[in-house]
2 protein chains.
Amino acid sequence: MDNTLVNAKTLSGFRDRLPKESAAKSRILNVVSKVFLSYGFMPIETPHLEYAETLIKQGSHEIQKEMYRFKDHGNRDVALRFDLTVPLARFIVQHRHELEMPFKRYAIGNVFRGERAQKGRYREFTQCDFDFIGSSSLSCDAEILQVIYSSLTALNLQEFSIWLNHREILNGIFEHFGLQDNIDSGLRIIDKLDKIGIDSVKLELQKELSISVQMAEEICSIITIKQNNHYEDFFKEIAYLKNYNESLKRGLESLESMLHILHDLEFDISVCRVNFSIARGLGYYTGIVYETTLNRLKSIGSVCSGGRYDNLTQSFSKEQLSGVGASIGIDRLMVGLLELGLLEQRGTMARALIIPLHQDYLPFAHKVGETLRQSNIRAEVYPDITKIKKSLNYANTKGHEFSLIIGEEEFKTKTITVKNMTSGMQRENISLLQVLQIIKQN
Amino acid sequence: MDNTLVNAKTLSGFRDRLPKESAAKSRILNVVSKVFLSYGFMPIETPHLEYAETLIKQGSHEIQKEMYRFKDHGNRDVALRFDLTVPLARFIVQHRHELEMPFKRYAIGNVFRGERAQKGRYREFTQCDFDFIGSSSLSCDAEILQVIYSSLTALNLQEFSIWLNHREILNGIFEHFGLQDNIDSGLRIIDKLDKIGIDSVKLELQKELSISVQMAEEICSIITIKQNNHYEDFFKEIAYLKNYNESLKRGLESLESMLHILHDLEFDISVCRVNFSIARGLGYYTGIVYETTLNRLKSIGSVCSGGRYDNLTQSFSKEQLSGVGASIGIDRLMVGLLELGLLEQRGTMARALIIPLHQDYLPFAHKVGETLRQSNIRAEVYPDITKIKKSLNYANTKGHEFSLIIGEEEFKTKTITVKNMTSGMQRENISLLQVLQIIKQN
């Protein structure tokens, strides 16, 4: 056998999650999954690997270049999924007759994009999507916003804004300037506003759409309109835009109707703000679009984005299904929660470390462990018989709240010495019942 | 744009999970994760994609052939992981200085093997591993069995058997017959016992190890020894084997010591049964090995297997780390739980479907939904205004327990008509408070 050692490293752009971070991520996903289920969304799972043709038809040119695509053992042209939306489209058409419409699903999974590696961007990352398929009712649009709101507040986030726009509003703006053939390139430029600033947007619009400085300025003066007041006042202020064309009228009315629903159901409407610069680069949106930012951490960008699309399954089927959904950016959200001090990072979820000081005390130690667990206290038994300093150090590093020490005297009398690892307070030779009380009271 | 439709299908050997099944799987994984955490195991995450050289060194020849291996955008030789153990070894060496030893981790993730497609075998499947690294104490071996026991009972399984063996026992048996150079091929044959039967094992041993019929028979008479009584009696009965050689002595003593620990900690020792034919094909086991079968469903094979290994990180580091762990076969376990009627498959987790009969009642319907959720009742609002037959049919198909109907009278009086979807019983125009009581009492 070859004895040279292999270098232990992850691929560039890929990463491991260590216990603290991985446990925190699990907790976040548990919280949001519970919210999804509470609104009647159900999970589905699709493979990480698909026929390349399933994915390429709907991916943008850029995403296609970044796809991990190869030939499998059967010489099939296959690729790792780059998002959870295209597989959803394939899933719906494939299982059409097994699915009840409207179909509400969520999916949590990893996707792969061979982007140029850069700080904070990974080639494998987790997406967390929830979508409402097969109904064009504004009720669904409103519910997706409720789910975003409930998910973020369930994670103890309070100060955030959901920025709303409508694709028909953007279409209408471009149509108004006679630019109906340049909408796609226009949206791509507007989508970069946060990154490059308004002056660069102006310049790019001018260049790429071959329009005058003045027209670029007029477009920018509209797309920078942001709601700062109650939505009813806002819609009065901008009512004049409805006269520009049918697209603008439809977009504005649809947005306003959805806000009415939210207002009437006593949703905390103050988090919603209309913002005409929200474009969502992805080609498939056709209706309401939104992004969500943390008020105290705007720089990390949107933590939850989405919108309505009408042609999800068009690559696979002639049946038109309208859908609306959003995607929580788990990685960004974790960064945000950490910075805001809302994400506890613990080295262990066990509250107590049980330390037997002799081989013979191991069964008693494990019995104590089982008793604690049966009382819903997570507990770990230190497996090695070492100097007590070493095991206490382990408890300190991992973050156990209590060490339960079992020495000769304790073993003989079936008692325990308890050390509170935070206060340092120690109580010797107490009964298991007392131990349970001390831990439960903490 | 190309208008030909793409065929919506998964790759051969890959599959989707529909909502019912996916939700059931999530619940199982939640239950076992809680058990892992309660014993101080913490989750980690590693990428699905690794350098091929990271994986090939430790994979068997067969697994290497089945690997999904390709060149990435940077012409790197990469592959999809085929298990969670090799990435764990890489992980431990790469993060050695960030990890506290002993290191207890669990990992739940998908792995990929391009096996020949056959019924019930998939090329992408989920593994659920938990391991205790960096201690050779029998305390860890005992704890892994506790975790297996707690996980299965937490899933309401009662009748199962954990079959125990020790690699040194198997080594000792082969040594006793002068076959110390043929242990690997011998173990591979014994590992097939359940599939091919004892006569074929005898024949294969004879042929592949070039031994006499008589020797093959003698080997088989030892490996078919199974404990049927209390472990202390069993070890008395087979005490003579300790005299055969040091390997057998060490193996038997180690197994007995671990059973002592389990017995003394008041573990339900009756589920444990020594079985000398448990070989675990994988080359890396060096100590205690085990498999777990469901008493009423032996045919589905082991639902949880594992053992102790001493050379986990040898491809990556000269440091020797001993570990012990097990892997829950989630797919098999799901099949088992389903057959035993222990796995509820529900089309929705929402208990109530709220049905507004007019567009104008939507906000009220959503408000009712929010009120229910705030009382911890999962509830869904039907988004479309249709004939009531259609929405009631949706509730029936998906499995909502209650339909809450909001018609004109209900909307005016802010009341609700509740229909119990199982009994068919209906109560008209009752208050939201009464609705909450009815649902909570159900």
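This is a predicted model, so every value here is computed, not measured. (Residues numbered from 1 in each chain as written. Chains lettered and ligands numbered in written order. Predicted model: local features only at pLDDT ≥ 70, side-chain atom pairs only at ≥ 80, totals over all residues. Heavy atoms only, no water.)

(A) Seen up close, the UniProt feature "binding site: L-histidine" (unreviewed entry) in chain A. Residue and element names in this part refer to chain A. The sites that UniProt annotates as "binding site: L-histidine" (unreviewed entry) are Asp83, Leu84, Thr85, Arg113, Gln127, Asp131, Arg280, Tyr284 and Tyr285. Among the structural elements, Thr85 can be located in helix α4 (residues 85–94). Ignoring sequence-local partners within four residues, the contact set of Thr85 consists of Asp129, Tyr284 and Leu312. Of note, Arg113 is situated in the loop between β5 (103–112) and β6 (124–133). (UniProt positions renumbered as here; feature names shortened; annotations may be inferred. Helix = DSSP H or I, 4+ residues; strand = E, 2+ residues; numbered from the N terminus. Contact = heavy atoms within 4.5 Å.)

(B) Highlighting the interface of chain B and chain A. Facing 108 residues of chain B, the contacting portion of chain A comprises 108 residues. Summing both partners gives a buried area of about 9000 Å² for chain B against chain A, and 59% of it is carried by carbon and sulfur. Contact with chain A buries surface across chain B, with Val6, Leu11 and Glu45 of chain B losing the most and accounting together for 8% of the total. If you look at where chain B meets chain A, you find 10 salt bridges. In this structure, Glu45 of chain A engages Arg17 of chain B in a salt bridge whose closest nitrogen and oxygen atoms are separated by 3.7 Å. Inspection of the region where chain B meets chain A yields 43 residue pairs in polar contact (both at pLDDT 80 or more). It is helix α1 (residues 19–38) of chain B that provides the largest number of residues to the side of chain B that touches chain A, a total of nine residues. Looking at the side of chain B that touches chain A residue by residue, the class counts come to 43 nonpolar, 32 polar and 33 charged. (Buried area = accessible area lost by both parts, 1.4 Å probe. Salt bridge = Lys/Arg side-chain N within 4 Å of Asp/Glu carboxyl O. Polar contact = N/O pair within 3.5 Å; in protein donor to acceptor, adjacent residues only side chain to side chain. Nonpolar A, V, L, I, M, F, W, Y, C, P; charged D, E, K, R; others polar.)

(C) Quick peek at the relation of the copies chain B and chain A. Of the transformation superimposing chain B on chain A, the axial component is 0.0 Å and the angular component is 180 degrees, with the fit at an RMSD of 0.0 Å. Both copies of the chain, as the preceding transformation shows, are related through a two-fold rotation axis. For chain B, the residue whose C-alpha comes nearest the rotation axis is Phe70 of chain B, separated from it by 3.2 Å. In this assembly, 100% of the residues forming the interface of chain B have copies in chain A that are likewise at the interface, indicating an isologous arrangement. (Least-squares fit on C-alpha atoms with pLDDT ≥ 70 in both.)

(D) Up close: the nonpolar core. Leu404 of chain A together with Phe130, Ile148, Leu205, Leu262, Phe276 and Tyr290 of chain B are the most contacted members of the largest nonpolar core, which totals 105 residues. Here this core takes eight residues from helix α5 (residues 138–154) of chain B, the largest share from any one element. Filtering out sequence-adjacent residues up to four positions away, Ile148 of chain B remains in contact with Phe130, Ile162, Tyr290, Thr292, Cys304 and Ala326 of chain B. Counting residues in hydrophobic clusters, the runner-up holds 104 residues, among them Ile144, Ile162, Leu205 and Ile300 of chain A. (Core = buried A, V, L, I, M, F, W, Y, C linked by side-chain atoms within 4.5 Å. Buried < 20%, exposed > 50% of the residue type's maximum accessible area, 1.4 Å probe, protein only.)

(E) Local environment of the sheet that holds strand β7 (residues 160–166) of chain A. Residues and elements named next belong to chain A. One open sheet accounts for eight strands, arranged β1-β5-β6-β11-β10-β9-β7-β8; its pairing is mixed. The open sheet has two edge strands with one neighbour each: β1 (42–43) and β8 (272–274). Here seven bridges tie β7 to strand β9 (residues 285–294), and the two strands are oriented antiparallel to one another. Residue pairing for β9: Trp163 is matched across the bridge by Glu291. Sitting on the sheet, helix α13 (residues 330–339) is in contact with β6, β9 and β11 (323–328), with an inclination near 105 degrees to β6. (Pairing = 2+ DSSP bridges. Axes fitted to C-alpha atoms, helices over the stretch in contact; angles between N-to-C directions.)

(F) Expanded view of the packing of helix α9 (residues 198–208) of chain A against helix α10 (residues 213–223) of chain A. All names here are of chain A. Where α9 contacts α10, the axes come no closer than 9 Å and their chain directions differ by 130 degrees. By the angle between their axes, α9 is oblique relative to α10. Judged by the sense of rotation from one axis to the other, the crossing of α9 with α10 is right-handed. Across the interface between the two elements, Ile198, Val201, Lys202, Leu205 and Gln206 of α9 pack against Val213, Ala216, Glu217, Ile219 and Cys220 of α10. Split by residue class, the contact of α9 with α10 holds seven nonpolar, one polar and two charged. (Parallel < 35°, antiparallel > 145°, perpendicular 65-115°, else oblique. Left-handed = near helix turned anticlockwise from the far one by under 90°.)

(G) Seen up close, α1 of chain B. Here α1 of chain B spans 28 Å end to end across 20 residues, near enough to the 28 Å set by a 1.5 Å rise per residue. Positive backbone phi, at 90 degrees, marks Gly40 of chain B, one or two positions downstream of α1 of chain B. (Expected span 1.5 Å × (residues − 1).)

(H) Seen up close, the packing of aromatic side chains. In this structure the tally under the stated criterion is 34 aromatic pairs over all chains. Pairing Phe41 of chain A with Phe130 of chain A gives two aromatic rings, centres 6.1 Å apart and planes at 85 degrees, and the pair type is edge-to-face. One end of the pair, Phe41 of chain A, is in the loop between α1 (19–38) and β1; the other, Phe130 of chain A, is in strand β6, with 89 residues separating them in the sequence. Residue classification places Phe41 of chain A among the buried residues on the basis of a relative accessible area of 0%. Ring centres of Phe364 of chain B and Phe411 of chain B lie 6.3 Å apart, and the angle between their planes is 65 degrees; this geometry places the pair in the edge-to-face category. With a gap of 47 residues between them, Phe364 of chain B in helix α14 (residues 362–374) and Phe411 of chain B in helix α16 (residues 408–413) connect regions that are remote in the sequence. (Phe/Tyr/Trp six-rings, centres within 6.5 Å; stacked < 30°, edge-to-face > 60°.)

(I) Main features of the domain arrangement of chain A. Segmentation of chain A into domains returns domain 1 (12–159 + 295–345), domain 2 (171–270) and domain 3 (352–441). Computed from C-alpha coordinates alone, the two centres of domain 2 of chain A and domain 3 of chain A are separated by 63 Å. (Domains from an automatic or database assignment.)

(J) Spatial organisation of the environment of Arg123 of chain B. Residues and elements named next belong to chain B. Position of Arg123 relative to the elements: it lies in the loop between β5 (103–112) and β6 (124–133). On the basis of relative accessibility, which here comes to 12%, the residue Arg123 falls in the buried class. Sequence separation between Arg123 and Gly13 is 110 residues, and the spatial gap between their C-alpha atoms is 5.1 Å. Within polar-contact distance, the side chain of Arg123 engages the backbone oxygen of Ser12 at 3.0 Å.

(K) Layout of the environment of Cys304 of chain A. Residues and elements named next belong to chain A. Structurally, Cys304 can be placed in strand β10 (residues 304–309). You can call Cys304 buried: its relative accessible area is 1%. Separated by 271 residues in sequence, Cys304 and Ser33 place their C-alpha atoms 15 Å apart. Other than its neighbours up to four places away in sequence, Cys304 contacts Ile148, Tyr290, Glu291, Thr292, Ala326, Ser327 and Ile328.

(L) Inspection of the side chain of Ser38 of chain B at higher detail. With respect to the element layout, Ser38 of chain B can be found in helix α1. Its relative accessible area of 14% is what places Ser38 of chain B among the buried residues. Look past the residues within four positions of Ser38 of chain B in its chain and what remains in contact with it is Arg373, Arg378 and Ala379 of chain A.

(M) How the structure looks around helix α15 (residues 388–398) of chain A. By the burial criterion, the buried members of α15 of chain A are Ser391, Leu392, Tyr394, Ala395 and Lys398 of chain A. One face of α15 of chain A carries all of its buried residues, which in axial projection span an arc of 150 degrees. Opposite the packed face of α15 of chain A, turned more than 90 degrees from it, sit the exposed residues Lys389 and Lys390 of chain A. Contacts made by the buried residues of α15 of chain A are with β12 (352–356), β13 (379–381), β14 (402–406) and β15 (416–420) of chain A together with β5 of chain B. After α15 of chain A finishes, the residue Gly399 of chain A shows a positive phi value of roughly 95 degrees. (Arc of directions from axis to C-beta.)

(N) Seen up close, the pattern of salt bridges. Under the defined criterion, the tally for this structure stands at 53 salt bridges over all chains. Of the charged contacts in the structure, one is a salt bridge between Lys104 of chain B and Glu380 of chain A, with a shortest N-O distance of 3.7 Å. Remark: Glu380 of chain A occurs in strand β13 and Lys104 of chain B occurs in strand β5; the pair is interchain, linking two chains. Across this residue pair, the class does not change: Lys104 of chain B and Glu380 of chain A are buried. We note a salt bridge from Glu50 of chain B to Arg90 of chain B, for which the minimum N-O separation is 2.7 Å. Taken as a pair, Glu50 of chain B in strand β2 (residues 49–51) and Arg90 of chain B in helix α4 (residues 85–94) lie far apart in primary sequence, 40 residues in all. Among the residues examined, Arg90 of chain B registers a relative accessible area of 0% and is labelled buried.

(O) Layout of the pairing of strand β10 (residues 304–309) of chain B. Residue and element names in this part refer to chain B. The buried count for β10 comes to six of six residues, which makes it a mostly enclosed element. Of the strand pairs in this sheet, strand β9 (residues 285–294) and β10 are connected by three bridges, and their pairing is antiparallel. Opposite Tyr285, over in β10, you have Tyr309 as the bridge partner. Looking at chain direction, β10 and strand β11 (residues 323–328) are connected through six bridges and run antiparallel.

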